[in-house]
Protein chains: 2
Amino acid sequence: MSSPTQYSESELRAEGVRITRQRLAILHVLREANDHPRAEDILARARLQDQSVSQATVYRTLAVLEKAGTVLRNEFDGTGARFELADRTHHDHLIDLDTGAVIEFHSARIERLQAEIAAELGYDIEWHRLELYGRKTPD
Amino acid sequence: MSSPTQYSESELRAEGVRITRQRLAILHVLREANDHPRAEDILARARLQDQSVSQATVYRTLAVLEKAGTVLRNEFDGTGARFELADRTHHDHLIDLDTGAVIEFHSARIERLQAEIAAELGYDIEWHRLELYGRKTPD
DNA sequence: CTAGGTGCAAACTCTTTGCAGCTGA
DNA sequence: TCAGCTGCAAAGAGTTTGCACCTAG
């Protein structure tokens with residue numbers, strides 16, 4: 001059983017995830033990224049470090065890391081998944097409609113309200129997704 | 001320029017949307033549905049009323065109705081869009097992880113908090129997506 | 001040594017599009 | 001009438017998979 005949020009090689013190995021050259025390259029890309037890259041971007045960047053990485057391996061590795069709790073999958077725009085390391089505390093996303101920039105934020109109050117609403121409906125929340133889409137306020 | 005939330009034939013016609021046999025069938029399906037159907041489901045149900053409806057027309061009509069503000073597109077599970085008529089007030093979704101059921105809810109407090117958070121980050125929200133994924137609380 | 005990982009290319013799913021004929025207003 | 005809509009089939013984008021070879025542990 002995997003505990004949440006493993007991202008060091010040794011933790012992953014302890015989970016039975018074999019650490020290969022390709023997986024190291026992909027982990028490296030995720031650690032360096034601060035832009036929620038797509039599979040395609042991850043492939044391109046991983047290849048800078050290790051030419052041999054293939055598309056199939058990127059997808060398979062992302063699936064493995066997602067299951068291990070190392071990686072989070074986002075579907076901001078409906079056109080392809082975007083990934084991030086699950087190495088910080090939980091946060092939601094604000095997407096800038098003009099630039100595509102993704103800003104992370106966290107609100108304990110919203111989280112609390114979500115739990116309250118779910119409780120009123122007779123549910124326990126397992127996870128949630130909150131995305132705000134907006135534009136910079138004019139000065 | 002389309003005003004939000006048109007869903008009667010006359011309103012749509014006034015927007016320049018031609019009302020065809022196929023579009024009537026699709027609108028009928030959307031009015032009867034209470035389960036956020038996929039394009040595939042909409043096609044199957046529309047064909048019960050009008051055999052001639054094609055997949056291409058379903059997708060094209062959904063795009064037209066979405067632009068007219070008649071239809072909302074959801075991407076709950078990453079595997080294909082799910083649609084609903086935009087005929088009620090804004091709401092968010094709670095997805096039952098065991099049954100797949102989609103429960104609609106609305107919280108003015110959460111909406112307000114979202115606007116506050118965006119304002120703090122210097123943004124005006126255009127739209128947002130909030131989905132809660134959970135299971136029924138055991139008795 | 002060998003269970004599991006890999007590259008390649010083909011397959012798959014969902015959605016969009018080009019085209020020639022049809023039809024609502 | 002005729003701009004816009006339609007069905008069909010092919011194309012696209014993003015992702016997954018079968019297979020034979022490779023490699024971490």
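Bear in mind that the values here come from a model prediction, so they are computed numbers and not experimental data.

1. Examining helix H4 (residues 55-67) of chain A
All names here are of chain A.
(1) Moving on: An ideal rise of 1.5 Å per residue puts 18 Å on 13 residues; H4 measures up with 19 Å between its terminal C-alpha atoms.
(2) Moving on: All buried positions along H4 are accounted for by Val58, Thr61, Leu62 and Leu65. The arc that holds every buried residue of H4, seen down its axis, measures 105 degrees, which confines them to one face. Residues of H4 that are exposed and point more than 90 degrees away from the buried face comprise Arg60 and Lys67.
(3) Moving on: Its buried side turned inward, H4 meets helix H1 (9-14), helix H2 (21-32), helix H3 (39-49), strand E1 (71-74) and strand E2 (82-85).
(4) Moving on: After H4 finishes, the residue Gly69 shows a positive phi value of roughly 85 degrees.

2. A word on the relation of the copies chain A and chain B
(1) Moving on: Expressed as a screw transformation, the operator carrying chain A onto chain B has a rotation angle of 179 degrees and an axial translation of 0.0 Å, and the superposed copies differ by an RMSD of 0.2 Å. Given the turn and translation reported, the copies of this chain are related as if by a two-fold rotation axis. Measuring from the rotation axis to each C-alpha of chain A, the shortest distance belongs to Leu130 of chain A, at 2.2 Å.

3. Some remarks on the pattern of salt bridges
(1) Moving on: Summed over the entire model, instances satisfying the criterion amount to 18 salt bridges over all chains.
(2) Moving on: With its nearest N and O atoms 3.3 Å apart, the salt bridge here joins Glu126 of chain B to Arg135 of chain A. Residue Glu126 of chain B is found in strand E5 (residues 123-136), and its partner Arg135 of chain A is found in strand E5 (residues 123-136); the two belong to separate chains.
(3) Moving on: By relative accessible area, Arg135 of chain A is classed as partly exposed at 32%.
(4) Moving on: Two residues, Arg129 of chain B and Glu131 of chain B, come together in a salt bridge whose shortest N-O distance is 3.8 Å. Each member of the pair, Arg129 of chain B as well as Glu131 of chain B, is classed as buried.
(5) Moving on: Connected through shared salt-bridge partners, Arg129 and Glu131 of chain A together with Arg129 and Glu131 of chain B make up one network.

4. Re the interface of chain A and chain B
(1) Moving on: Counting residues at the interface gives 34 residues for chain A, matched by 34 residues for chain B.
(2) Moving on: Summed over both sides, the interface of chain A with chain B buries roughly 3,300 Å², with 62% coming from carbon and sulfur.
(3) Moving on: Ranking the residues of chain A by area buried against chain B places Tyr123, Arg129 and Tyr133 of chain A at the top, with a combined share of 22%.
(4) Moving on: In this assembly, chain A and chain B are joined by six salt bridges.
(5) Moving on: The interface formed by chain A and chain B includes 21 residue pairs in polar contact (both at pLDDT 80 or more).
(6) Moving on: Breaking the side of chain A that touches chain B down by element, the ones donating at least two residues are strand E3 (92-96), strand E4 (102-105), helix H5 (108-120) and E5 of chain A.
(7) Moving on: Residue contributions to the side of chain A that touches chain B peak at 14 residues, all from E5 of chain A.
(8) Moving on: Of the residues that constitute the side of chain A that touches chain B, the class distribution is 17 nonpolar, seven polar and ten charged.

5. Some thoughts on the domain arrangement of chain A
Residues and elements named next belong to chain A.
(1) Moving on: Taken domain by domain, chain A comprises domain 1 (9-85) and domain 2 (92-134).
(2) Moving on: On a C-alpha basis, the centres of domain 1 and domain 2 stand 24 Å from each other.
(3) Moving on: Each partner contributes residues to the interface: domain 1 has six residues there, and domain 2 has eight residues.
(4) Moving on: Here domain 1 packs against domain 2, burying approximately 530 Å² in sum over the two surfaces, 48% of which is carbon and sulfur.
(5) Moving on: Among the residues domain 1 hides against domain 2, the three largest losses belong to His36, Glu75 and Phe76. Together they make up 74% of the total.
(6) Moving on: Inspection of the region where domain 1 meets domain 2 yields four residue pairs in polar contact (both at pLDDT 80 or more).

6. Describing the protein's contact with DNA strand C
(1) Moving on: Of all residues adjacent to DNA strand C, which total 22 residues, the nearest are Thr20, Ser52, Ser54 and Thr57 of chain A together with Tyr59 of chain B.
(2) Moving on: The sugar-phosphate share of atoms of DNA strand C within 4 Å of the protein amounts to 66%.
(3) Moving on: Take Val53 of chain A: an N or O atom from its main chain is 3.4 Å from a phosphate oxygen of DNA strand C.
(4) Moving on: Between DNA strand C and Arg13 of chain B, the relevant distance is 3.2 Å, taken from a phosphate oxygen to a side-chain nitrogen or oxygen of the residue.
(5) Moving on: When residues of the surface near DNA strand C are traced back to their parent elements, those giving at least two are H2 and H4 of chain A together with helix H4 (55-67) of chain B.
(6) Moving on: Classifying every residue of the surface near DNA strand C gives seven nonpolar, nine polar and six charged.

Definitions and cut-offs
- Residues numbered from 1 in each chain as written.
- Chains lettered and ligands numbered in written order.
- Predicted model: local features only at pLDDT ≥ 70, side-chain atom pairs only at ≥ 80, totals over all residues.
- Heavy atoms only, no water.
- Helix = DSSP H or I, 4+ residues; strand = E, 2+ residues; numbered from the N terminus.
- Expected span 1.5 Å × (residues − 1).
- Buried < 20%, exposed > 50% of the residue type's maximum accessible area, 1.4 Å probe, protein only.
- Arc of directions from axis to C-beta.
- Contact = heavy atoms within 4.5 Å.
- Least-squares fit on C-alpha atoms with pLDDT ≥ 70 in both.
- Salt bridge = Lys/Arg side-chain N within 4 Å of Asp/Glu carboxyl O.
- Buried area = accessible area lost by both parts, 1.4 Å probe.
- Polar contact = N/O pair within 3.5 Å; in protein donor to acceptor, adjacent residues only side chain to side chain.
- Nonpolar A, V, L, I, M, F, W, Y, C, P; charged D, E, K, R; others polar.
- Domains from an automatic or database assignment.
- Near = heavy atom within 4 Å.

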